[in-house]
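One-letter residues, chain by chain:
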Amino acid sequence: MRKRISILLVCMSMFVGGVFAQKGVIKGRVFDDITNEPVGFSYVGLTSDENIGALADFEGNFVISGLDPGIYSLTVSFVGYKTVVSRDIQVTNARDAFVEIGMQQEVTELDAVVITASPFVKTTESPVSLRKIGLQEIEANPGSNRDISKVIQSFPGVGSTPAFRNDIIIRGGGPSESRFYLDGIEIPNLNHFATQGASGGPVGIINADFIGGVDFYSGAFPAQYGNALSGVFDFSQINGNEERLKFRGSLGASEVSATIDGPSGENSTYIFSVRRSYLQFLFDAIGLPFLPNFTDYQFKHKTKFADRSELTIVSIGALDEFALNTDIENPDESQAYILSYLPVNEQWSYAIGANYRTFSDNGYHQFVVSRNMLDNSAYKYPDNDETQSRILDYTSREMENKFRYEYVTRYKGIRFVSGVSSEFVKYVNETYQLRNVGNTVFEIDYNSEYNLVKYGFFLQANKRLIDDRLSLSAGFRADANDFATSMANPLDQLSPRISVSYAFTDKFSINANTGRYYQLPPYTSLGYKNTAGDFVNKENDISYIGVNHYIAGFDYLLEKNIQFTIEGFYKQYNQYPFSVTDSISLASKGADYGVLGDEEIISEGLGSAYGLEVMNRIIDYKGFTATNSYTFVRSFSESFDGVQIPTTWDSKHLFTSTLTKKITNKWIVGAKWRFVGGLPYTPYDMEASAIKSVWDTRGGPVLDYSQFNEARFASFHQLDIRVDRRWYFDTWTFMVYVDIQNVYNFQSEQQDIVIREQNPDGSYVLLNGGNEYKLRTISSSSGTVLPTLGIMIEF
């Protein structure tokens, strides 16, 4: 009897332990970020409680077990190295989490300032204008639905619009001025249904399941990043699980997705996802006049070789279809207006690349090869009547084949980054379109094709001085291409940059940067042909766009996870493409769906943007994570006669407050309130719009460019809230969130809708001998309470 009872007690203890004692585990490796050598016997502790941790073994490997599920970062320390804080790590009971942490060597001096390790990392080359965004700020960001294009709107200097778009507007610059990287491999855009030549679109293309962290630069760009004027986004992706196959499925605001990852060999892992939207069904059900639909995939494979080298292969692709909901019975005036001017559009794109790193005792060599392609087509019939001739028939392809080599090394305490890059580009375009200038209608009809070779080289050196208080960085890059003689000399695009930072104490420092940066105009501008079939912009000596950045500020660390920063910036543009047709800078274009830059331009535009940013940032302080930011920003372009005109992005005031609270490791609540100052806009030219031939060229009214951006919308503000609930089981995790956007149903002012008056029989009222429509305006606003239920399951 006693034996039976003992056996029963043992069985019960095993069962109870399996239910209640199951905890999360973090496994990882600590290494020298230059040589890839292990940093053995370093201490790895939780940033939130460094008493919980582990000592790495001789090979730099460590295991921290017994953790409650949640999001953690790790603090790593070892003599002779700078203490470092890792990226955020998601821990569940269902699987072990893996992380690799690189450390930088330092020369320790007795009276050197000991900089407090914190999640607010700043680098020597970018002591200003760099924000490292982790999972704490992505996963539960209210109103964002795990879309990184929306998450970044919480940060200073990033503009937003009330429209259903994710235009990347940074410090008053246009939506075409940023570049995007996945594990060091450049991708062409960040959004589905992107405006060709710009960055906007309604839904982000990157699956948040892949994101380990984001380095967001709004200035002080390191020299290896080229072709950017306002922003650089470098996404670090997680690696696949090293031990077993893992699955994650989710149902979000706009799509359903599935992600799998696991080992593909003894020293290699993979992660793969596919997403499919259901927006077209939702939009059709609620009677919207357009039906967007997208499918995308994302893939990463990483292999580690015995000689300390590693190979990462990355790919991402999307198919976007934008149809008109012409089956709506008796559309109202607003629906009819949208149907009259929106084209049918289809895009597909992909990027694939390989990043090979080989390490030595003095540094590492990095070889990056990639290819990306965009295929974009659109067409439009007058009033969607397919018995008539098309007023728009557009097809284009952009193909880029890229190579980049980097060498990173240390010499006498100086860190050097040097390298070269080259690209082979092929562009093809077939365009037919009716356009107008004022009341004059003309026809655009051309086929275009060209090849382009681009190349560049760069060097940057970083050094810390004066007992580690002073950090200095200086570098340059130069770029050129063979499209036109005006862009063939790399010295004409010489791009120097200097950064300096001085730490008065371990918590307070002042920082500054200045640099000059260049960007190639859109391929659509290079490929535009006039009626004679000439590359007219090549004949106009098209040039790289240039901008000078001047940035200064300070940061103060109240606690290791509470930071205050203030930065002032001034941006001075020159050689910006200027439209010959409407005398408008391309800096103010690219905010609608379509194509940016397919017109005759001259590279003579001038402009400026300046402002002040104030930010308070909290990461996991007593369960709170918050970003509170205010930006004062002005953005101007200069007209032909030297008049300063506000650009379309001149919002003046931006304020965002984002707060989440981890009540327990199972409950998270959050709210985000944002305020955006009213943006300028251009009134319609009602007289020209009424002319039948003019209206019929575009299916809608035309703008009065003599009053360019003289009107301004009212300010916009919105409150979003979110609640997350998670259930952690032994072998699987179930997560649910409820997100409500625009809680108090704010109605943002929009430009008036212009419609044509109709006769009782449905025909349009014609005036002036049938040459003019009778037009009427209807006031317009946008905004609705938008609840979303998200479901995720992982095992």
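Everything numeric in this text was worked out from a predicted model, so none of it was measured.

Student: I'm lost on the overall build of the protein chain in this one. Help?
Tutor: Scanning the protein chain for helices and strands turns up 9 helices and 47 strands. For 795 residues, the compact-globule estimate of 2.2 N^0.38 gives 28 Å, and the protein chain sits close to it at 28 Å. With the C-alpha coordinates of the protein chain rotated into their principal frame, the extents come out at 105 × 70 × 45 Å. Within the protein chain, the proportion of its 795 residues that are buried is 56%. Here the contacts in the protein chain between residues at least 6 apart in sequence split such that 66% fall between residues at least 24 apart. As displayed, the protein chain has an accessible area near 32,300 Å², and 57% of this comes from carbon and sulfur atoms. Here the protein chain holds 69 positive side-chain charges and 93 negative ones, and the gap between their average locations is 8 Å.

Student: Help me out: how do you make sense of the packing of aromatic side chains in this one?
Tutor: Pairs of aromatic rings are described using the distance from one ring centre to the other and the angle between the two planes. Evaluation of the coordinates by the stated rule reveals 39 aromatic pairs. Ring centres of F508 and F554 lie 5.6 Å apart, and the angle between their planes is 45°; this geometry places the pair in the tilted category. Taken together, the positions of F508 in strand β31 (residues 508–519) and F554 in strand β32 (residues 545–559) put the pair 46 residues apart, joining distant regions of the chain. When the centroid spacing of 6.4 Å and the interplanar angle of 35° are considered together, the rings of Y705 and F708 count as tilted. Looking at Y705, the relative accessible area reads 35%, which means it is partly exposed. An aromatic cluster is defined as three or more aromatic residues linked by ring pairs; in this entry it consists of Y427, Y450, F483 and F535. Across from the ring centre of Y379, 4.1 Å away, lies the NZ or CZ of R390, which sits over that ring. Against the face of F624 rests K661, its NZ or CZ located 4.4 Å from the ring centre.

Student: Would you explain the pattern of salt bridges in this entry?
Tutor: Opposite charge on two side chains makes pairing possible when the charged atoms of those side chains draw close. Here the structure, examined in full by the defined rule, presents 50 salt bridges. With its nearest N and O atoms 2.9 Å apart, the salt bridge here joins D479 to R477. Of the charged contacts, one joins R634 and D650 as a salt bridge, the two residues approaching to 2.9 Å between their closest N and O atoms. A residue pair is termed long-range when its members are at least 10 positions apart, and R634 in strand β35 (residues 624–638) and D650 in the loop between β36 (644–646) and β37 (652–662) qualify at 16 residues. For D650, a relative accessible area of 0% translates into the label buried.

Student: Could you clarify how one ought to interpret the nonpolar core in this entry?
Tutor: Across soluble globular proteins, nonpolar side chains show a tendency to be buried alongside one another. Counting residues in each nonpolar core, the largest one holds 34 residues, and the members touching the most others are L452 and F483. Counting only elements with at least two residues in this core, the list comes to β26 (392–411), β27 (414–437), β28 (440–465), β31, α6 (523–526), β32 and β33 (562–579). Those residues within four positions of L452 in sequence are excluded, and the remaining contacts are E423, F424, V425, N481, D482, F483, L520, Y523 and L526. By size, the runner-up hydrophobic cluster in this structure holds 27 residues, among which are I152, L182, F233 and V314.

Student: What should I look at first to understand a nonpolar patch on the surface in this one?
Tutor: Together, F367, V369, F403, V420, Y455 and F457 make up an exposed nonpolar region whose accessible area comes to about 460 Å². Mapped by element, the contributors of at least two residues to the nonpolar patch are β25 (363–380) and β28. Residue position: Y455 is located in strand β28. Of the residues examined, Y455 reaches a relative accessible area of 35% and is grouped as partly exposed.

Student: Just checking my understanding: could you explain the environment of V203 for this structure?
Tutor: By secondary structure assignment, the location of V203 is in strand β16 (residues 203–204). Judged by relative accessible area, V203 falls into the buried class, the value being 7%. When residues no more than four places from it in sequence are discounted, the contact partners of V203 are D147, N166, N191, H192, S254, L279 and F294.

Student: How should unusual backbone geometry be read in this particular structure?
Tutor: When glycine is set aside, most residues are seen to have a negative phi, and most peptide bonds are trans. Positive phi, normally seen in glycine, also occurs at I466, with a value near 50°. In this structure, Q575 takes a positive phi of about 60° despite not being glycine. Here Q575 is to be found in strand β33.

Student: Just checking my understanding: could you explain the pairing of β32 for this structure?
Tutor: Look at any regular strand and the pattern is simple: side chains alternate between the two faces of the sheet. When β31 meets β32, the two strands line up antiparallel, connected through 12 bridges. When the bridges of β32 are listed, N513 appears paired with I551. Where β32 meets β33, 13 bridges bridge the pair, whose relative direction is antiparallel. Pairing of L557 across the sheet is with Q563, part of β33. Joining the antiparallel neighbours β32 and β33 is a turn of 2 residues.

Student: Help me understand helix α5 (residues 333–341), please; the structure alone is not making it clear to me.
Tutor: For an α-helix the count is 3.6 residues per turn, leaving residues at separations of three or four pointing the same way. Residues of α5 that are buried: Q335, Y337, I338, L339 and S340. In this fold, the buried residues of α5 make contact with β22 (290–304), β23 (310–324), β25, α9 (692–698) and β43 (748–756). Residue D332 occupies the N-cap position of α5, its side-chain oxygen lying 3.2 Å from the main-chain nitrogen of S334.

Student: Whenever I open this one, the sheet that holds strand β3 (residues 53–55) confuses me. Can you help?
Tutor: In any sheet, the strands associate via hydrogen bonds between backbone groups, in a parallel or an antiparallel arrangement. Judged by pairing direction, the sheet is antiparallel, and its 4 strands sit side by side in the order β3-β2-β6-β7 without closing on themselves. Each having just a single partner strand, β3 and β7 (84–85) make up the two edges of the open sheet. Relative to strand β6 (residues 74–77), strand β2 (residues 43–46) runs antiparallel, the two being bridged by 4 bridges. Bridging from a neighbouring strand, V44 pairs with V76 of β6.

Conventions used here
Sequence order sets the numbering: in each chain, residues are counted from 1 along the sequence as written. Two thresholds apply to this predicted model, a pLDDT of at least 70 for residue-level local features and 80 or more for giving and counting side-chain atom pairs, whereas whole-chain, interface and lining totals are computed over all residues. Heavy atoms from the whole structure form the basis of all side-chain values; hydrogens and water molecules are not counted. In DSSP terms, a helix is any run of H or I states spanning at least four residues, a strand is any run of E spanning at least two, and both are numbered starting from the N terminus. Every radius of gyration here is taken over C-alpha atoms, with the globule rule written as 2.2 Å times N^0.38, N being the number of residues. Here's how the labels work: a residue is buried when its accessible area is under 20% of the maximum for its type, exposed when over 50%, partly exposed in between, all with a 1.4 Å probe on protein chains only. Throughout, a contact is declared for two residues whenever any of their heavy atoms are within 4.5 Å. Each accessible area value is a Shrake-Rupley result obtained with a 1.4 Å probe; residue values ignore everything except the protein chains displayed when judging cover. We count Lys and Arg on the positive side and Asp and Glu on the negative side, and we leave His and both chain ends out. Charge coordinates come from a single atom per side chain, which is NZ of Lys, CZ of Arg, CG of Asp or CD of Glu. Working definition: a ring pair exists when centres of Phe, Tyr or Trp rings (six-membered ring for Trp) sit within 6.5 Å. Plane angles under 30 degrees give stacked, over 60 give edge-to-face, the rest tilted. Over a ring means this: the NZ of a Lys or the CZ of an Arg is within 6 Å of the ring centre and within 35 degrees of the ring normal. A carboxyl oxygen of Asp or Glu within 4 Å of a side-chain nitrogen of Lys or Arg is what we treat as a salt bridge. Put simply, a nonpolar core is a bunch of buried Ala, Val, Leu, Ile, Met, Phe, Trp, Tyr and Cys residues held in one set by side-chain atoms that sit within 4.5 Å of each other. Patch criteria: residues need more than 30% relative accessible area and no salt bridge. Like-charged residues are merged within 9 Å; nonpolar side chains of Val, Leu, Ile, Met, Phe, Trp and Tyr are merged within 5 Å. Criterion used throughout: strands pair if DSSP finds at least two bridges between them. Counted as a polar contact is a pair of N or O atoms within 3.5 Å, where, for protein atoms, one must be capable of donating a hydrogen and the other of accepting one, and residues adjacent in sequence contribute only when both atoms are in side chains.

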